[in-house]
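One letter stands for each residue in the lines below.
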Amino acid sequence: MFGLTPLGTLHTAISLVALAAGLSALLRDGQIVAGTRSGRIYAIATLLTCLTGFGIFNHGGFGKPHVLGIVTLVVLALAWAAGRRGLFGAAAAYVEVVAFSATFFFHLIPGVTETTIRLPVGKPLFSGPDDPGLQPIAAGLFLLFLIGATWQVLRLRRARRGAPQPA
C-alpha cells in the first residue's frame, strides 16, 4: 500500500489511532491528559508508533525521523510523569498538557511529510522529505502548536484562579 512495508503499514495504522485519540481529546476536553481514556489510548499508541518507527529506514539509515522518535519518547515520558506521578509540583498540569501537545505536533510532521511525498499516487505533492515546499507547512504546524499550547496554559491558569484554594 503506497510503497509501505508491512512494518510501515502497522506503524501508520497505529499512528492514525494515536492521532484520532489525540484529536478526540483536544476537541472534547481542550487537552490531552493521561487521566482520560482517550489520553491513555493516545499515549500508548504514540509509544507504539515511536517503537515501530525505529525499524523503518525508508530514507537511508538512522536519520531525522528516528531522532524525532527519541525526542517524542522523552517528551511523552515527561508528560506521563507530570500527570501520573505529580512531578513538577504546581506546574505539573502545565507540563503535562504542553508536553502531550508537543507530541501531537511531533506526530504531524512525519505524517504530513510521508503523506505529501506519497500522494496523490504517481504525482505526489512533494518530491521528498527535504523538499523546500514542506518547510512552510512545518512552520504553520509549529505556529498552531504554539497557539494551542498557549491557549491551554491560559485555560488552565483561569481554571486554577477560579478554583477554591485549600485552607
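It should be noted that the structure appears before, not after, this text.
Attention in this report is confined to the structure presented alongside it. (Residues numbered from 1 in each chain as written. Predicted model: local features only at pLDDT ≥ 70, side-chain atom pairs only at ≥ 80, totals over all residues. Heavy atoms only, no water.)

The subject of this paragraph is the packing of aromatic side chains. One pass over the structure, following the stated rule, counts six aromatic pairs. For the pair Phe105 and Phe142, a centre-to-centre distance of 5.7 Å together with 55 degrees between the ring planes defines the contact as tilted. Placement of Phe105 in helix α4 (residues 92-116) and of Phe142 in helix α5 (residues 134-162) is noted, with a sequence separation of 37 residues between them. We classify Phe105 as buried; its relative accessible area is 12%. (Phe/Tyr/Trp six-rings, centres within 6.5 Å; stacked < 30°, edge-to-face > 60°. Helix = DSSP H or I, 4+ residues; strand = E, 2+ residues; numbered from the N terminus. Buried < 20%, exposed > 50% of the residue type's maximum accessible area, 1.4 Å probe, protein only.)

Quick look at the pattern of salt bridges now. Per the stated rule, a full pass over the model turns up three salt bridges. The partner of Asp130 in a salt bridge is Lys64, with the nearest N and O atoms 3.4 Å apart. With Asp130 in the loop between α4 and α5 and Lys64 in helix α3 (residues 64-84), the pair connects residues that are 66 residues apart, well separated along the chain. By relative accessible area, which is 60% here, Asp130 ends up exposed. Lys64 gets classed as exposed once you look at its relative accessible area, which sits at 65%. (Salt bridge = Lys/Arg side-chain N within 4 Å of Asp/Glu carboxyl O.)

So, on to the environment of Leu156. Position of Leu156 among the secondary structure elements: in helix α5. Looking at Leu156, the relative accessible area reads 13%, which means it is buried. Taking the C-alpha atoms as reference, Leu156 lies 24 Å from Thr46; in sequence the two are 110 residues apart. Those residues in contact with Leu156 that sit more than four places away from it in its chain are Gln31, Ala93, Tyr94 and Val97. (Contact = heavy atoms within 4.5 Å.)

Looking now at the nonpolar core. Ile32, Tyr42 and Phe100 are the most contacted members of the largest nonpolar core, which totals 22 residues. Of all the secondary-structure elements, those providing two or more residues to this core are α1 (6-29), α2 (37-53), α3, α4 and α5. The leading source of residues in this core is α4, at six residues. When near neighbours in sequence (up to four residues on either side) are disregarded, Tyr42 contacts Ala18, Ala21, Gly22, Ile32, Phe100, Thr103, Phe104 and His107. By size, the runner-up hydrophobic cluster in this structure holds five residues, among which are Val33, Tyr94, Val97 and Leu156. (Core = buried A, V, L, I, M, F, W, Y, C linked by side-chain atoms within 4.5 Å.)

For the rest of this paragraph, the subject is the environment of Trp151. Along the chain, the position of Trp151 falls in helix α5. Taking the relative accessible area as the measure of exposure, Trp151 reaches 44% and is therefore partly exposed. Here the alpha-carbon distance between Trp151 and Gln31, two residues 120 residues apart in the chain, equals 9.9 Å.

Moving on to the packing of α4 against α5. Running from amino to carboxyl end, α4 crosses α5 at an angle of 160 degrees, the nearest separation of the two axes being 10 Å. Classified by the interaxial angle, the pair formed by α4 and α5 is roughly antiparallel. As for how α4 packs across α5, the hand of that crossing is right-handed. Contacts between α4 and α5 involve Ala93, Tyr94, Val97, Val98, Ser101, Ala102, Phe105, Leu108, Ile109, Val112, Thr113 and Thr116 from the first element and Leu134, Ile137, Ala138, Leu141, Phe142, Phe145, Ala149, Gln152, Val153, Leu156, Arg157 and Arg160 from the second. When grouped by side-chain class, the residues that make up the contact of α4 with α5 number 18 nonpolar, four polar and two charged. (Axes fitted to C-alpha atoms, helices over the stretch in contact; angles between N-to-C directions. Parallel < 35°, antiparallel > 145°, perpendicular 65-115°, else oblique. Left-handed = near helix turned anticlockwise from the far one by under 90°. Nonpolar A, V, L, I, M, F, W, Y, C, P; charged D, E, K, R; others polar.)

Here His11 lies in helix α1. Among the polar contacts listed, one links the side chain of His11 to the backbone nitrogen of Gly53, at a separation of 3.4 Å. Not counting residues up to four positions away in its chain, the partners in contact with His11 are Thr49, Thr52, Gly53 and Ile56. (Polar contact = N/O pair within 3.5 Å; in protein donor to acceptor, adjacent residues only side chain to side chain.)

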